[in-house]
Amino acid sequence: MQLSKEIIDKFIAGECAEAELAEVAAWLQSGETDGLEEVPGNGAAIWRKIEARRRPLWRRFVRRATVAVAAAVFAAAAIYGIRLMRGPQELTVRVAAGQTSRIVLPDSSVVFLQGPSALRYPSRFTEGERMVFLTGTGAFEVSGNARSPFTVVSGKVKTTALGTSFEVRAPEGSEEVKVWLRYGKVVVTRERDSMYLRPGEALGYTGAARTVERAAPEAYRGSVLYFKHAGLDEVITKLENYYNIHIVADTALYNRKWQVTGEFAREKPEFVVRNIAFIADVQYRMAGDSLWLLPQPMPQGP
């Protein structure tokens, strides 16, 4: 390792910067200083001074490095501690009328907001609870987590799920709140009143008055049809509710592991079914309001 005369002179004069001190320390430790070229006017004196300062320099360099590392660790721990004390930050997303926005939450759940809407949620969810606050219309595709229920708060109404697909409408300034369940199971609570919904059911509150009905197809058409590693039951339930069709699947298809992923915005049913059939490698047949899903035929031998 070579070291320039300029740095050697600065070192002898005690004028090295931190980076230059590091170079000198590495050079001295390398053991390759025997070939040091004597510089007129300095000669062996430079070498004697370097050798005299060799050990003190290395000790000082190591000491400084140790202090620097300790300070960095302390600073990182302090920053982390401050962040823990502060907790997660609150984020707010607002969507204007006539617009739709796709939001991925910290737990990978997905929300499709239809304006005018606002969604408040933390930058990270704490253990045991996932809670967001909605004003307006949001379609939720919730990631499953049995230890952390997912709750949407809209005024006095709370919709809680473990991993499901549902939509909440809570217009700003209105006492009306409606919840449509697409897939899975949710419990909707308003003060002391609570009810579990089944897929396809819609629950509405106007003040304290509650109504339950089968959701009309148009209730779903305005939002996105979303699948993420969906199984056969989820695919069937969402398609039936979204398009108001009846689906029959061959029993052989239930023995397969379905992993359907896709996102469709107001597409015709034929387009969506054709794409799903391609992904799942199945046949389909549509007639009126009915859809049949069938396994692909076995290849013929030679």
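Residues numbered from 1 in each chain as written. Predicted model: local features only at pLDDT ≥ 70, side-chain atom pairs only at ≥ 80, totals over all residues. Heavy atoms only, no water.

A. Examining the overall build of the protein more closely. Within the protein, the regular secondary structure consists of six helices and 17 strands. The 302 residues of the protein split such that 37% are buried. Contacts in the protein between residues far apart in sequence, at least 24 positions, make up 45% of those at least 6 positions apart. Counting only carbon and sulfur atoms, one obtains 52% of the accessible surface of the protein, whose full area is about 17700 Å². (Helix = DSSP H or I, 4+ residues; strand = E, 2+ residues; numbered from the N terminus. Buried < 20%, exposed > 50% of the residue type's maximum accessible area, 1.4 Å probe, protein only. Contact = heavy atoms within 4.5 Å. Areas by Shrake-Rupley, 256 points an atom, 1.4 Å probe, with all protein chains shown as cover.)

B. Representation of the nonpolar core. Of all hydrophobic cores here, the largest spans 28 residues; its most connected members are Leu 105, Leu 119, Val 132, Phe 140 and Phe 166. The leading source of residues in this core is strand S3 (residues 110-122), at four residues. Among the nonpolar cores identified, the runner-up in size contains 24 residues, and Val 235, Tyr 243, Trp 258 and Ala 277 belong to it. (Core = buried A, V, L, I, M, F, W, Y, C linked by side-chain atoms within 4.5 Å.)

C. Layout of the environment of Tyr 254. Relative to the elements of secondary structure, Tyr 254 occurs in the loop between strand S14 (246-249) and strand S15 (260-265). With relative accessibility at 43%, the residue Tyr 254 sits in the partly exposed group. Separated by 22 residues in sequence, Tyr 254 and Leu 232 have C-alpha atoms that sit 7.0 Å apart. Contact partners of Tyr 254, with chain neighbours within four places excluded, come to Leu 232, Asp 233, Ile 236 and Ala 249.

D. Local environment of the sheet that holds strand S17 (residues 290-295). Here three strands make up an open sheet; going across it, the order is S14-S17-S16 and the pairing mixed. Edge positions in the sheet fall to S14 and strand S16 (282-287), since each of these pairs with one other strand and no more. When strand polarity is set aside, the average angle formed by the axes of neighbouring strands in this sheet is 20°. Note that S16 and S17 share six bridges and pair antiparallel. From the neighbouring strand, Arg 285 faces S17, where its bridge partner is Trp 292. Here helix H5 (residues 232-243) sits on the sheet and contacts S14 and S17; the angle it forms with S14, its principal contact strand, is near 160°. (Pairing = 2+ DSSP bridges. Axes fitted to C-alpha atoms, helices over the stretch in contact; angles between N-to-C directions.)

E. Structural detail: the packing of H5 against helix H6 (residues 269-280). Interhelical geometry of H5 versus H6 gives an angle of 170° and a closest axis separation of 12 Å. The orientation of H5 relative to H6 falls into the category roughly antiparallel. Each of Val 235, Leu 239 and Tyr 243 in H5 lies in contact with H6, whose residues at this interface are Pro 269, Val 272 and Ile 276. Residues of the contact of H5 with H6, tallied by class, amount to six nonpolar, no polar and no charged. (Parallel < 35°, antiparallel > 145°, perpendicular 65-115°, else oblique. Nonpolar A, V, L, I, M, F, W, Y, C, P; charged D, E, K, R; others polar.)

F. Inspection of the packing of aromatic side chains at higher detail. Applying the stated criterion across every chain, the model contains seven aromatic pairs. Between Phe 112 and Tyr 226, the ring centres sit 5.6 Å apart and the planes meet at 65°, which makes this aromatic pair edge-to-face. Of the two residues, Phe 112 sits in strand S3 while Tyr 226 sits in strand S13 (residues 224-230), which places them 114 residues apart along the sequence. By relative accessible area, Phe 112 is classed as buried at 2%. Here a set of aromatic residues connected by ring pairs shows up, and it is made of Phe 125, Phe 140, Phe 150 and Phe 166. The ring of Phe 133 carries Arg 120 above its face, with NZ or CZ at 4.5 Å from the centroid. (Phe/Tyr/Trp six-rings, centres within 6.5 Å; stacked < 30°, edge-to-face > 60°. Lys NZ or Arg CZ within 6 Å of the ring centre and 35° of its normal.)

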